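What follows is each chain in one-letter form.
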Amino acid sequence: MDDERQRLVPLGEARDYEVSRGLPDVRGWPVLGSDGDTLGRVRELLIDPDAGRARYLVVDASSGVGASRPVHVPIGLARIDRERDAVVVPTVTTASLLELTSVDGDIVTREYEVHVRRSIAGGEAADLADDERFYDHEHYDERRFAAPMRDDDAEQEPEDFAYLAGVGGAMTERDEHPDVVGEVDAGQISVPVMEEESDGPVAPEDGTAGGEAEPERR
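Residues numbered from 1 in each chain as written. Predicted model: local features only at pLDDT ≥ 70, side-chain atom pairs only at ≥ 80, totals over all residues. Heavy atoms only, no water.

Observations regarding the pattern of salt bridges
Opposite charge on two side chains permits pairing when their charged atoms draw close. Inspection of the entire model under this criterion finds 11 salt bridges. In this structure, the salt-bridge partner of Arg27 is Asp25, at a minimum N-O distance of 2.7 Å. With a relative accessible area of 32%, Asp25 lands in the partly exposed category. Between Arg144 and Glu138 there is a salt bridge, with its nearest N and O atoms 3.5 Å apart. (Salt bridge = Lys/Arg side-chain N within 4 Å of Asp/Glu carboxyl O. Buried < 20%, exposed > 50% of the residue type's maximum accessible area, 1.4 Å probe, protein only.)

In structure tokens form, the structure reads like this:
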């Protein structure tokens, strides 16, 4: 079905998002499995543009024989290893990664996502069919992915932590819910005044209704 497709898009095609400041862009980094072997390289990240979250690492998995093929690893299963500039997937081996079904291009369906979850989680998670809560699982928790970048426990990471940051036209929480600092009467209508951010000084308003500056008083 069409509504099962194009839910996720490659980060490289999402103009409204970039990797958050202070976090590494892992595209091109090697991916290491629990056995220490190199599973492949991160080709791309698949993101949920509506939620502003990274959901999968697209890994060019190599079997050592023939060409590599893309497989999708839920981002919460991976860990950033800054010392080696690598991504580690501590619960996946070369053999288990190569057993995952591959898909053509970056288009994924919910059926394929369920396959990935079941293959990696050993058939657990009874909520796989629950579309609204599908990404609530720890396999998609970006805090786990970035945990090695921090000194304290990843569980203390703020709930609104995100590997991605909005740029350009992307809406932020402040844009959607600005602070009301007062109101101005316009006839019989009270118009709320929203607090705005400014990087520089704001020019003073004209002192007269006609737009002319009020003469200096001596």
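Anyway, onward from the coordinates.
A short note on unusual backbone geometry
The phi torsion of most residues other than glycine is negative, and most of the peptide bonds are trans. The phi angle at Asp85 is positive, at roughly 50°, despite the residue not being glycine. Summarising the element assignment, Asp85 is placed in the loop between β7 (79-81) and β8 (86-89). Look at Asp85 and you get partly exposed, because its relative accessible area is 34%. (Helix = DSSP H or I, 4+ residues; strand = E, 2+ residues; numbered from the N terminus.)

Comments concerning the environment of Arg144
Mapped onto the fold, Arg144 is located in helix α3 (residues 142-146). Note on Arg144: relative accessible area 21%, which makes it partly exposed. For Arg144 and Ala78, which are 66 residues apart along the polypeptide, the C-alpha to C-alpha distance reads 7.6 Å. For Arg144, the contacting residues outside a window of four places in its chain are Gly76, Ala78, Arg79 and Glu138. A distance of 3.2 Å separates a polar atom in the side chain of Arg144 from the backbone oxygen of Gly76. (Contact = heavy atoms within 4.5 Å. Polar contact = N/O pair within 3.5 Å; in protein donor to acceptor, adjacent residues only side chain to side chain.)

Focus on the nonpolar core
Taken as a class, soluble globular proteins show a tendency for nonpolar side chains to be buried jointly. Residues Val26, Leu45, Leu57, Val87, Leu97, Phe145 and Tyr163 are the most contacted members of the largest nonpolar core, which totals 32 residues. The set of elements that each furnish at least two residues to this core consists of β2 (17-19), β4 (38-48), β5 (53-61), β6 (69-74), β8 and α3. Formed by 12 residues, the second largest nonpolar core is a distinct cluster that contains Leu8, Val103, Tyr112 and Tyr140. (Core = buried A, V, L, I, M, F, W, Y, C linked by side-chain atoms within 4.5 Å.)

What about the packing of aromatic side chains?
Summed over the entire model, instances satisfying the criterion amount to five aromatic pairs. A ring pair is formed by Tyr56 and Tyr140, whose centres lie 5.5 Å apart and whose planes are at 80°; its orientation type is edge-to-face. Linking Tyr56 in strand β5 with Tyr140 in the loop between α2 (110-121) and α3, this pair joins segments that are 84 residues apart in sequence. By relative accessible area, which is 1% here, Tyr56 ends up buried. Relative to Tyr140, the ring of Phe134 lies with its centre 5.7 Å away and its plane at 40°, an arrangement referred to as tilted. For the pair formed by Phe134 and Tyr140, the shared burial category is buried. A cation sits over an aromatic face here: Arg110 above Phe134, 4.0 Å from the ring centre. If you follow Arg117 out to its NZ or CZ, it ends over the ring of Phe134, 4.8 Å from the centre. (Phe/Tyr/Trp six-rings, centres within 6.5 Å; stacked < 30°, edge-to-face > 60°. Lys NZ or Arg CZ within 6 Å of the ring centre and 35° of its normal.)

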